[in-house]
Amino acid sequence: MGEKEEAAVCGGTAAAQEGRHIVLVGFMGAGKSTVGRWLSRKLFWQLLDTDAMIEARAGMTISEIFAVRGEEAFRSTETEVLAGLARMRSPVIISTGGGMPLRAENRAALRSLGRVVYLRVKPETVCERLAGDTTRPLLAGEGRRQKVEALLTQRGPVYEETAHLTVDVDGRTPEEIAGEILEKLHIDR
Ligand code: S3P
């Protein structure tokens, strides 16, 4: 466990037990990390990013983990990291990797952590935002648009099923999106 994780864990009433965290889910390029940073600044809650936690734990980038260990091993690490978050004491913002809700056990764990917000994005926005990006192994190679559409079609219902709240992100600033989340979750800044 890294320093940041350590700082918010241990003893007392776990925030997760009260379901107080805010958990962001959604497709690659939806803006989970960026919106997470805005929420973190507005609420003075720490931001935890599961991909960053996995990279720190493995000492490798996500692409390297996929290449060396394979996707299933990555998914198992996601599940482990998620389980560790149940011990967080103070409320935090949790930004998750786009595939985190794929496992049923992860969906249940995400919902028990707190309010799950699905940042819904259109395929064209994903392709615009991720043009030139080489850090997403699932979108590597030719036919990115088709890959994004196929994955989004498959995952859309999974994200919806996981989330307590869905927010559309296309054409909106992170600040607007963060504002809507706080308003809809009835959280005062
Ligand atoms: C993935 C999304 C990525 C990262 C990994 C797999 C996915 O995170 O976890 O490349 O399956 O959608 P972002 O959603 O932060 O890009």
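Residues numbered from 1 in each chain as written. Predicted model: local features only at pLDDT ≥ 70, side-chain atom pairs only at ≥ 80, totals over all residues.

Turning our attention to the environment of E160. For E160, the position within the fold is in helix α8 (residues 144-162). We classify E160 as partly exposed; it has 13 C-beta atoms within 10 Å. As for E160 and G26, which are separated by 134 residues in sequence, their C-alpha atoms are 9.2 Å apart. Other than its neighbours up to four places away in sequence, E160 contacts Y118 and T166. (Helix = DSSP H or I, 4+ residues; strand = E, 2+ residues; numbered from the N terminus. Buried ≥ 20, exposed ≤ 12 C-beta atoms within 10 Å, placed from the backbone. Contact = placed C-beta atoms within 7 Å.)

Counting 39 residues, the largest nonpolar core has V23, L24, V25, I94, V117 and L119 as its most contacted members. Apart from residues no more than four positions distant in its own chain, V23 is found in contact with I94, T96, L110, L113, G114, R115, V116 and V117. (Core = buried A, V, L, I, M, F, W, Y, C linked by C-beta atoms within 7 Å.)

Another aspect to go through is the packing of helix α5 (residues 71-85) against helix α6 (residues 104-113). Taken N-terminus to C-terminus, the directions of α5 and α6 make an angle of 25 degrees; their axes are 10 Å apart at the nearest point. By the angle between their directions, the pair α5 and α6 is classed as roughly parallel. Classified by chirality, the crossing of α6 by α5 is left-handed. Touching E78, T79, L82, A83 and L85 of α5 are E105, N106, A109 and L113, all from α6. For the contact of α5 with α6, a count of residues per class yields five nonpolar, two polar and two charged. (Axes fitted to C-alpha atoms, helices over the stretch in contact; angles between N-to-C directions. Parallel < 35°, antiparallel > 145°, perpendicular 65-115°, else oblique. Left-handed = near helix turned anticlockwise from the far one by under 90°. Nonpolar A, V, L, I, M, F, W, Y, C, P; charged D, E, K, R; others polar.)

What follows deals with the sheet that holds strand β5 (residues 165-168). Across the sheet, five strands lie side by side as β2-β3-β1-β4-β5; this open sheet has parallel pairing. Edge positions in the open sheet fall to β2 (47-49) and β5, since each of these has one partner strand only. Between one strand and the next, the sheet's axes are offset by a mean angle of 25 degrees, whatever the strand orientation. Summarising the sheet, strand β1 (residues 21-25) and strand β3 (residues 93-95) pair through three bridges and their orientation is parallel. Looking at β3, one finds that I22 is bridged to I93. Contacting β1, β2, β3 and β4 (114-120), helix α2 (residues 32-43) runs over the sheet at an angle of about 170 degrees to β3. Its contacts with the sheet place α6 against β1, β3 and β4, and it is angled at close to 140 degrees to β1. (Pairing = 2+ DSSP bridges.)

Geometric values such as these leave the question of function open.
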